[in-house]
Each structure stands twice: as C-alpha cells, then as structure tokens.
Amino acid sequence: MLTGDQEKVRKVNRSLVLNTLRLHAPISRAQVANITGLTRGTVSNIVNVLIEDGLVFEDKLEDSKIGRPSILLGLRPDGGAVIGVEIGVNFISVLLTNFVAETLWEHRTPTFPTQSQTEIINQAEKIIDQALSVAKEHELRPLGIGVGMPGLVNIRQGNLIIAPNLHWKNVPLRLIWNQRFRLPIYVENEANLAALGEYYFGVARNVDNFISLTSDIGLGGGVVIDGRLFRGGHGYGGEIGHIQRDPQGEPCGCGRIGCWETQVGPRPVLRRVKKELQQTPDPALLEVCAGDLENLTFEMVVKFALDGNQTCRQAIEEVSINLGEGIADLVNIFNPDLIVIGGAFILGKDIMQETIQKTIFSNALPPATENLRIEFSKRSSEACVLGAVAVVLDDILREMVIN
Ligand SMILES: [Zn+2]
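Note that the structure is a prediction, hence the values are computed from the model and not measured. Every chain's residues receive numbers from 1 upward, in the order its sequence appears when written. Restriction of local features to residues with pLDDT of at least 70 applies here, the model being predicted, together with a cutoff of 80 or more for giving and counting side-chain atom pairs; totals for whole chains, interfaces and linings are based on all residues. In computing side-chain properties, one takes all heavy atoms of the structure into account and sets aside hydrogens as well as water.

Q: When you look at the coordination of the zinc ion in this model, what are you seeing that I'm missing?
A: Six octahedral donors at a metal ideally form angles of 90 or 180 degrees, and four tetrahedral donors ideally form angles of 109.5 degrees. Nitrogen, oxygen and sulfur within 2.8 Å of a metal are treated as its donors, or within 3.2 Å for sodium, potassium and calcium (Na, K, Ca); water is not counted, so a site can appear incomplete. Surrounding the zinc ion are the protein donor atoms His242 (ND1), Cys252 (SG), Cys254 (SG) and Cys259 (SG), at 2.0 to 2.3 Å. Metal-centred angles of 107 to 117 degrees between the four donor atoms at the zinc ion mark the site as tetrahedral. Working rule for geometry: tetrahedral if four donors all subtend angles between 85 and 135 degrees; square planar for four, octahedral for six, if opposite donors exceed 155 degrees and the others stay between 65 and 115; irregular in every other situation.

Q: What's the story with helix H10 (residues 310-334) in this structure? I'm lost.
A: Since the α-helix advances by 3.6 residues per turn, residues separated by three or four positions end up pointing in the same direction. Elements are defined by DSSP. Helices are runs of H or I of four residues or more, strands are runs of E of two residues or more, and each kind is numbered from the N terminus. A helix is expected to span 1.5 Å multiplied by its residue count minus one. The terminal C-alpha atoms of H10, which comprises 25 residues, lie 35 Å apart, in line with the 36 Å expected from a rise of 1.5 Å per residue. Pairing of N or O atoms within 3.5 Å defines a polar contact, subject to two protein rules: one partner must be a possible hydrogen donor and the other a possible acceptor, and residues neighboring in sequence count only if both atoms are side-chain atoms. In this structure Asn309 caps H10, since a side-chain oxygen of it lies 3.0 Å from the backbone nitrogen of Thr311. Downstream of H10 by one or two residues, Asn335 has phi in the positive range, about 45 degrees.

Q: Quick question: what am I supposed to make of the pairing of strand E10 (residues 168-171) here?
A: Within a regular beta strand, the side chains point alternately toward one face of the sheet and then the other, so they alternate between its two faces. Think of it this way: DSSP has to see at least two bridges between two strands before they count as a pair. Pairing between strand E9 (residues 159-163) and E10: three bridges, direction antiparallel. Considered in E10, the bridge of Ala163 is made with Trp168. Here E9 folds back onto E10 in antiparallel fashion, the turn holding four residues, of which His167 has a positive phi close to 65 degrees.

Q: What should I look at first to understand the pattern of salt bridges in this one?
A: Between side chains of opposite charge, a pair can form when the charged atoms approach closely. By salt bridge we mean one thing: a side-chain nitrogen of Lys or Arg within 4 Å of a carboxyl oxygen of Asp or Glu. Scanning all chains against the criterion turns up 17 salt bridges. Notably, a salt bridge pairs Arg14 with Asp53, separated by 3.2 Å at the nearest N-O pair. Of this pair, Arg14 sits in helix H1 (residues 4-24) while Asp53 sits in the loop between helix H3 (40-52) and strand E2 (56-63), and the two are 39 residues apart along the sequence. Between Asp129 and Arg180 there is a salt bridge; the shortest N-O distance is 2.8 Å. Placement of Asp129 in helix H4 (residues 117-137) and of Arg180 in helix H5 (residues 173-181) is noted, with a sequence separation of 51 residues between them. Residue classification places Arg180 among the partly exposed residues on the basis of a relative accessible area of 37%. Several salt bridges share partner residues, and in doing so they unite Glu125, Asp129 and Arg180 into one network. Each residue is placed in one exposure class: buried if its accessible area under a 1.4 Å probe, protein chains only, is under 20% of its type's maximum, exposed if it is over 50%, and partly exposed if it falls in between.

Here it is in structure tokens:
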C-alpha cells in the first residue's frame, strides 16, 4: 500500500512523463528519462502502466544514428475524448477532441438575453449529448468536460459565483453536470481558459510567463506564471479587468466605478463615438447604421477609422492608450515575456497595435520590457474552448491540482 506522499509522487511522475510525451513525442524511454530527470527504471515502470491504460503507444523505428531499431513512444490519439464548452454571453460553443487534442467535432450556436439560465444550460446539455455520441461513434471513452464561464468561478467546487454580463449567480455547474453526464467536470473562468488555450495551442505555446487579454463585452485576463495559470488562493485571482483606473469614471458591471474594463474594449469606443456624433452628426456614419446610432458596431467604427474618419480613429486611439497604460502596470508587476491580445481587439489590430506598443514601452520600467513581445491571438474565438479541452488534458497530464 502506498502512503499519501508516495501516491502523490507517483501521480506527479506519471503526469511529468505524459506531458513530456505531449511536447516531444516520438521519443525513446531514455530520452524521457533525460528530459524529466527521472531514472530509467522509474520511466519504464510508468510507461508500462500508461501503455496498459491505453494512453501511450510504442513503435519500433529505425534510428538512423545508431543504425538499429529503437523503440519510440507517443500519446495515443485514441486514448480518449475530451469535451470543451464555452458558455458565452450570447452563444454556446462545444468542441470535441481526441487525446492529442485533434478536433473531431464542433458546434457553436447563439443564445439570447430572453432565455433563462435553465434554458441555456439545457441547450448546452443537448449539444454535449451530441458530442458524446460522436465520441461513441469514434469508439473513444470520454475523459472529462471543461467549461468556460464569463464570471467568477470557485474552481474547487466547480461553482459559478457570479457572471455579471449573463446575470447568473451561484450556479453549481459541476454538481449539475456530474449528475447529468457522470464525468469529471472542470469549471473555469473563460479568460483563464483562453490563456490556457493560447499556452497549449496558440501563440503562447511553450511561453512560460505571459498574460492574455481578451475583450468582447467585458475585459478578461489570464496570467500564466512559470507555465501555470495564476489562480490565487481560491481561484478568483487574475481579474485584471476590474483594476480601478478612474474613480470618476463610468460604472462597471461589477457594481463599482471606473474599472479598467470600462475604459478598454468595444463598449468605450462606441460610447465615445456616439457622444461625439450627438454633438456633431456625421452623415456617412448615420447612414451605415440606418439613422440609429444604437446600430453602430465596433466593426463599423474600425472600418471608418481605417478609411480616415477622425472621430472613429480618435476613439480607438484613446482606448489603445488606456489599454497600453494598463498593460504597462501589469508588465511592471509580472515581467511577462509575452502579452497576447484577443477578442474584438483583433478587428482593430492595424490601428491599435502601434499605439499599444508605444504606450507600454514608454510607461513600463525599461528592464521589464527588455524581452517583451506583444502579439495578437490567431485563434481568439476558439481560445476558450481549446482551453476548456486543455484544462481536462492538463489535469490528466500535469496534475494541476484542481480537485
Ligand atoms: Zn469592475
């Protein structure tokens, strides 16, 4: 019988081997031992169990350097199926992947403010049922479901505490879906999952210190420190959108005044353009929104700004400066190697990039920006569901201690 500590060491070693295979396969047992620092005997024992569990395969391949066959290891794509779910403010997105995170099936559907919480949860359950039946067709056992929510989540209990933009409070989603699906359920804040998605599959792949920022309605941030998502003591950390930057500013969805998210993102851009247009009407802009400024979108403003409209350009410029100033503070605190910018900001990339970059570099302390890169996400709309898949794999592969 193993003691608690021995059991923990065994689990950590097992996940170390699995994660090494995820990053470096195909490789031999000896190479795994070299990379992990584990003894060859320990690696062999772990690998044998993983092969028995159907998570790892071995293949005899000719090694050209030594001229004799060598046995290489890899993760089995059919090791299992993983489901990633994002419940957004106005959509549900579900992704089914195999054990090496290759997409097998995906589905995205809109939701509406008139729908109740129960209706949206039921709608998501039906899509997850479809994903599970696709997994069954592929003869894959489901390993778990990762769920991203736009709000504060108690990750230990899997409870959504509050989602201001969805108007949901205290939803024990893990409990509900544990009973419904009989699978491990991982509930997380969407911005944290987006960061994990960037780390596993996106522009932050293998960057161990970075911050991702994404804005569609609110402003979400995920902070990765030394290859681990920063969650704080109880999982509520990293809410950088609610740093108060202007005590005399606009009211925020969290109930306070002048949070950073009231200054950056599509909403403040639209607010400023509308205000200017009420004072100085612009026939071309009024025409494109059919005479009603309520129809004005961030996309329209970006297009007009690119065509040289000064009102639109200045509104985006102001938001870019506010974004850059806030990022500069984060750079001073965390000294990341990379900032990943996603969400609606991607639409404005061509106008925003230079100002954001300039503001960060002139506001942060110079040593902290020495190795800093700023990049826009390449798969921003999928980053959260990819992260939801990653959080399940992460738990299996790396024991990120969620439960
Ligand atoms: Zn706030």
